[in-house]
Amino acid sequence: MPIQILPPQVAGQIAAGEVVERPANVVKELIENSLDAGAQEIRVEVQEGGRRLIRVTDDGHGIPREELPLALHRHATSKLQTAEDLGRIRTYGFRGEALHSIAAVSHLVLSSRHRDAETGFQVRAEGGAPTEPRPVGMPVGTVVSVEHLFFNVPARRKFLRRPATEAGHITAIVQRYALAHPHRRFILLHDGRPTFQSTGSGRRWDVLVAIYGLENAQQMVPLQQEDPQEEPLPGPGQPPRVYGYVSLPTLTRASRTHIDLFVNRRYVEDRSLTHAVVQAYHTWLPVGRFPVAALFVDLDPGEVDVNVHPRKTEIRLREGRRVFGAVQKAVRRALLHHTPIPGLAVGSETPAPAPPSDPPPPALERDERRLWGRRRRALLQAGQGIHRRQAPPAQPSPASESGTEAVPDPPNAGRTPEAGEAEGLPPLRVVGQVAGMYIVAEGPAGLYLIDQHAAHERILYERLMAQRASGQVARQGLLEPLVLHMGHVETGLIAEHLETLNALGFEIETFGEDAFRVRAVPAILAHQDPARTLEEILQGLAQERNRVDEALEASLVRTICKRAAIKAGQILSDIEMVELVRQLESCRSPRTCPHGRPTMLRLSAQELERAFGRT
Ligand code: ADP
Ligand code: MG
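These lines cover the structure that appears in this document, whether it is placed above or below. Computed from a predicted structure; not experimentally measured.

**Topic: the sheet that holds strand S22 (residues 507–510)**
Turning to step 1, where the next piece is worked out: Strand order in the open sheet formed by 3 strands is S21-S23-S22, and the pairing between neighbours is antiparallel. The sheet is open, and its two edges are formed by strand S21 (475–485) and S22, each paired on a single side. In this sheet, adjacent strand axes meet at a mean angle of 15° when their direction is disregarded.
Turning to step 2, where the next piece is worked out: The sheet contact formed by S22 and strand S23 (residues 515–522) spans 4 bridges and is antiparallel. Bridging from a neighbouring strand, Glu509 pairs with Arg517 of S23.
Turning to step 3, where the next piece is worked out: Helix H16 (residues 530–543) rests against S21, S22 and S23 of the sheet, and its axis sits at about 70° to S21.

Quick look at the structure:
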């Protein structure tokens, strides 16, 4: 093909792709425009997760009639004039391409009444040039309606998730702006139902309560620096301000996604700053747990480059290190202030610090010990009803088994398998436990080291899969239904996979837009914390977005079993070990865990002999 300049429509669609990937991006751009226009109230209406309709209504200063068609023009903006202006951006917008891009991939109607005008005017763009403005009656402000998003981009449409998931992303966006602007009122409606609202009281904590619920918000503490509210950003030479809220170590999540960062009141995704927050909790959080935070950094706009990507969630900081340090210190100070760490005051002259108003989290050790007790009991219960299995009948093993199960390669690869070994395990005699991790057992062919966690995972996996196949997964009802406020995105994900989860023994239902209710869990999880388990499952779901159903289900089962299985480091009694080995013997594929790692290693009698120089 010869080189050609693309027709404007095609070029527009390509450019749009950078700004608009999903409905939530549209909502973001429209809210930013409303904020830039000084709106006090911003109303966001969404239908079918934004696919059918996104409408943002504000009471900002509006757009004069003669500028209306220009607003839809590419690189048309009222916020920037010279290249130098790029170095001191104080508005959200500046690229002048959001409306243009959105109009290129939707049916867009822009109505606005300027504050000095008697009436409003409306223009339409349906994937092309805007129409002539025509008068409409409306209050001062602007309404942008975006219908049939991606109507002309089937590829994008195909990648949209279910409405509930897209709606979740939209809610997350609205909530972030509400956090950044507690003085403004935000209202969000999904399919006509109000799903989020902030009061505009000016108190940031009120917004936290609206987002996370009172119980969670009460576990969040303000940073020491006073909230500057709507004060202007620092000027050149002035130090950065760090303020906002962070969770006490009692409130954690399984991923970093609840650490919301704002630089100059713009929500940003910045790994380094996120890391600064996490680091401030050093040693206060268990491995794999992360805090919740709404953290703001205000600094001289000359210190930040937001013109990195059209979506403007990436930034570059001129003095990244300094900001990193400021964030880390601010979070650490707030935590120290609110959660005194018990020190070793032995023989010290200084009086012990006054008792904290909030009791510190219970000593981990005691908790752990209690858990151990519970897990052991669980293991014993799980073992009930399984009887000693006779040596495996001499049947040919199913092809799939020998084909797919990786038999761990013992040091003497190439040996001939012992009788009966191909289909199952030889009967094993438990000798003891080493390192709190491995069971030592003896069999006809030598010494076996069994990884207790991997082995238990295998046992649970086969049990759960068998129950699933017969459609009868054993459930354990919770004494009281548990309502989990995990956020909109997460609730969307749960909603998307509700059927699968319930088929696996959960009994879950959505509970509003940002929460779900758990009534029962798979019986094998009876002794685990359901909230933690579901968080892990959610993480898995988020990562496995593109898997097909069956693979996804198997992966869910693996997650559940991993959670339910006894852990490394757990001391087992003789009875527990014997029981575990017996259950493993009755598995179809006892040699690998569901993730494909070996459950056991063998040292053959011959090898021992050779090693001792007997042969
Ligand atoms: P940018 O925000 O980068 O300037 P946009 O394409 O988002 O580019 O908007 C183009 C212009 O339209 C803005 O510069 C602004 O003048 C005007 N505009 C858009 N939305 C609004 C609104 N809600 N209220 C007032 N003016 C608006
Ligand atoms: Mg804009």
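After presenting the structure, the write-up continues.
**Here we look at the side chain of Ser198**
Turning to step 1, where the next piece is worked out: Along the chain, Ser198 turns up in strand S8 (residues 193–198).
Turning to step 2, where the next piece is worked out: Accessibility expressed as a relative area gives 2% for Ser198, which makes it buried.
Turning to step 3, where the next piece is worked out: In terms of polar contacts, Ser198 uses its side chain to reach the backbone carbonyl oxygen of Arg184, at 3.5 Å.
Turning to step 4, where the next piece is worked out: If sequence neighbours within four positions are ignored, Ser198 has contacts with Ala178, Arg184, Arg185 and Phe186.

**Things to note about the sheet that holds strand S15 (residues 293–298)**
Turning to step 1, where the next piece is worked out: Ordered in space as S9-S10-S15-S12-S13, the 5 strands form an open sheet in which the pairing is mixed. Both outer strands of the open sheet, strand S9 (220–222) and strand S13 (266–268), are each paired with one neighbouring strand and no more. Strand-to-strand twist in this sheet, taken as the mean axis angle between neighbours without regard to direction, amounts to 20°.
Turning to step 2, where the next piece is worked out: Two elements, strand S12 (residues 259–263) and S13, share 3 bridges in a ladder whose sense is antiparallel. For Leu261, the partnering residue across the bridge sits in S13 and is Val268.
Turning to step 3, where the next piece is worked out: Against the sheet, helix H6 (residues 163–180) makes contact with S12, S13 and S15, and its axis sits at roughly 55° relative to S12, the strand it touches most.
Turning to step 4, where the next piece is worked out: Along the sheet, helix H9 (residues 271–280) contacts S12 and S15; its crossing angle with S12, the most-contacted strand, is approximately 125°.

**With respect to the pairing of strand S1 (residues 41–47)**
Turning to step 1, where the next piece is worked out: Two elements, S1 and strand S7 (residues 185–190), share 6 bridges in a ladder whose sense is parallel. Counterpart to Val44 in the pairing with S7 is Leu188.
Turning to step 2, where the next piece is worked out: Alignment of S1 against strand S2 (residues 53–58), held across 6 bridges, turns out to be antiparallel. Among the inter-strand pairings, Ile42 is bridged to a residue of S2, identified as Asp58.

**Considerations on the nonpolar core**
Turning to step 1, where the next piece is worked out: Counting 57 residues, the largest nonpolar core has Leu30, Ile31, Val44, Leu110, Val146 and Val174 as the members making the most contacts within it.
Turning to step 2, where the next piece is worked out: Top element by residues in this core is H6. It accounts for 7 residues.
Turning to step 3, where the next piece is worked out: Here this core spans two domains, since at least three of its residues come from each of domain 1 (8–192) and domain 2 (219–338).
Turning to step 4, where the next piece is worked out: Those residues in contact with Leu110 that sit more than four places away from it in its chain are Ile63, Leu68, Ala71, Leu72, Leu99, Phe121, Gln122, Val123, Thr142, Val143 and Val144.
Turning to step 5, where the next piece is worked out: With 34 residues, the next largest nonpolar core counts Val277, Val278, Trp284 and Phe324 among its residues.

**Digging into the packing of aromatic side chains**
One pair of aromatic rings is described through two measures. These are the centre distance and the angle between the planes.
Turning to step 1, where the next piece is worked out: Across all of its chains, the model carries 4 aromatic pairs by this definition.
Turning to step 2, where the next piece is worked out: Both rings, one in Phe262 and one in Tyr267, keep their centres 5.9 Å apart while their planes meet at 70°; by these two values the pair is edge-to-face.
Turning to step 3, where the next piece is worked out: What makes Phe262 buried here is its relative accessible area of 1%.
Turning to step 4, where the next piece is worked out: You can call Tyr267 buried: its relative accessible area is 10%.
Turning to step 5, where the next piece is worked out: Between the aromatic rings of Phe262 and Phe296, the centroid separation amounts to 4.4 Å while the plane-to-plane angle is 10°, which identifies the pairing as stacked. In this pair, Phe262 is assigned in strand S12 and Phe296 in strand S15, connecting sequence segments 34 residues apart.

**Here's the deal with the site of ligand 1**
Turning to step 1, where the next piece is worked out: What surrounds ligand 1 is a group of 20 residues, the closest being Asn33, Thr77, Ser78, Lys79 and Gly96.
Turning to step 2, where the next piece is worked out: Within the contact set of ligand 1, an oxygen atom lies 3.3 Å away from a backbone nitrogen or oxygen of Ala98.
Turning to step 3, where the next piece is worked out: Here an oxygen atom of ligand 1 and a backbone polar atom of Leu99 are 2.9 Å apart.
Turning to step 4, where the next piece is worked out: Its free accessible area being 530 Å², ligand 1 has 95% of it covered by the protein chains.
Turning to step 5, where the next piece is worked out: Those elements giving two or more residues to the shell around ligand 1 turn out to be helix H2 (23–36) and helix H4 (98–104).
Turning to step 6, where the next piece is worked out: When grouped by side-chain class, the residues that make up the shell around ligand 1 number 7 nonpolar, 9 polar and 4 charged.

**Overview of the environment of Leu482**
Turning to step 1, where the next piece is worked out: Tracing the chain through its elements places Leu482 in strand S21.
Turning to step 2, where the next piece is worked out: Expressed as a C-alpha distance, the spacing of Leu482 and Val518, which sit 36 residues apart in the sequence, is 5.0 Å.
Turning to step 3, where the next piece is worked out: In contact with Leu482, not counting residues within four places along its chain, are Phe516, Arg517, Val518, Pro530 and Ala531.

**Describing a nonpolar patch on the surface**
Turning to step 1, where the next piece is worked out: Taken together, the side chains of Val434, Met437, Tyr438, Leu449 and Leu601 present a nonpolar region at the surface, about 380 Å² in accessible area.
Turning to step 2, where the next piece is worked out: In this fold, Leu449 is placed in strand S20 (residues 446–451).

Parameters at a glance
Residues numbered from 1 in each chain as written. Chains lettered and ligands numbered in written order. Predicted model: local features only at pLDDT ≥ 70, side-chain atom pairs only at ≥ 80, totals over all residues. Heavy atoms only, no water. Pairing = 2+ DSSP bridges. Helix = DSSP H or I, 4+ residues; strand = E, 2+ residues; numbered from the N terminus. Axes fitted to C-alpha atoms, helices over the stretch in contact; angles between N-to-C directions. Contact = heavy atoms within 4.5 Å. Buried < 20%, exposed > 50% of the residue type's maximum accessible area, 1.4 Å probe, protein only. Polar contact = N/O pair within 3.5 Å; in protein donor to acceptor, adjacent residues only side chain to side chain. Core = buried A, V, L, I, M, F, W, Y, C linked by side-chain atoms within 4.5 Å. Domains from an automatic or database assignment. Phe/Tyr/Trp six-rings, centres within 6.5 Å; stacked < 30°, edge-to-face > 60°. Near = heavy atom within 4 Å. Areas by Shrake-Rupley, 256 points an atom, 1.4 Å probe, with all protein chains shown as cover. Nonpolar A, V, L, I, M, F, W, Y, C, P; charged D, E, K, R; others polar. Patch = residues over 30% accessible without salt bridge, like charges linked within 9 Å, V, L, I, M, F, W, Y side chains within 5 Å. Salt bridge = Lys/Arg side-chain N within 4 Å of Asp/Glu carboxyl O.

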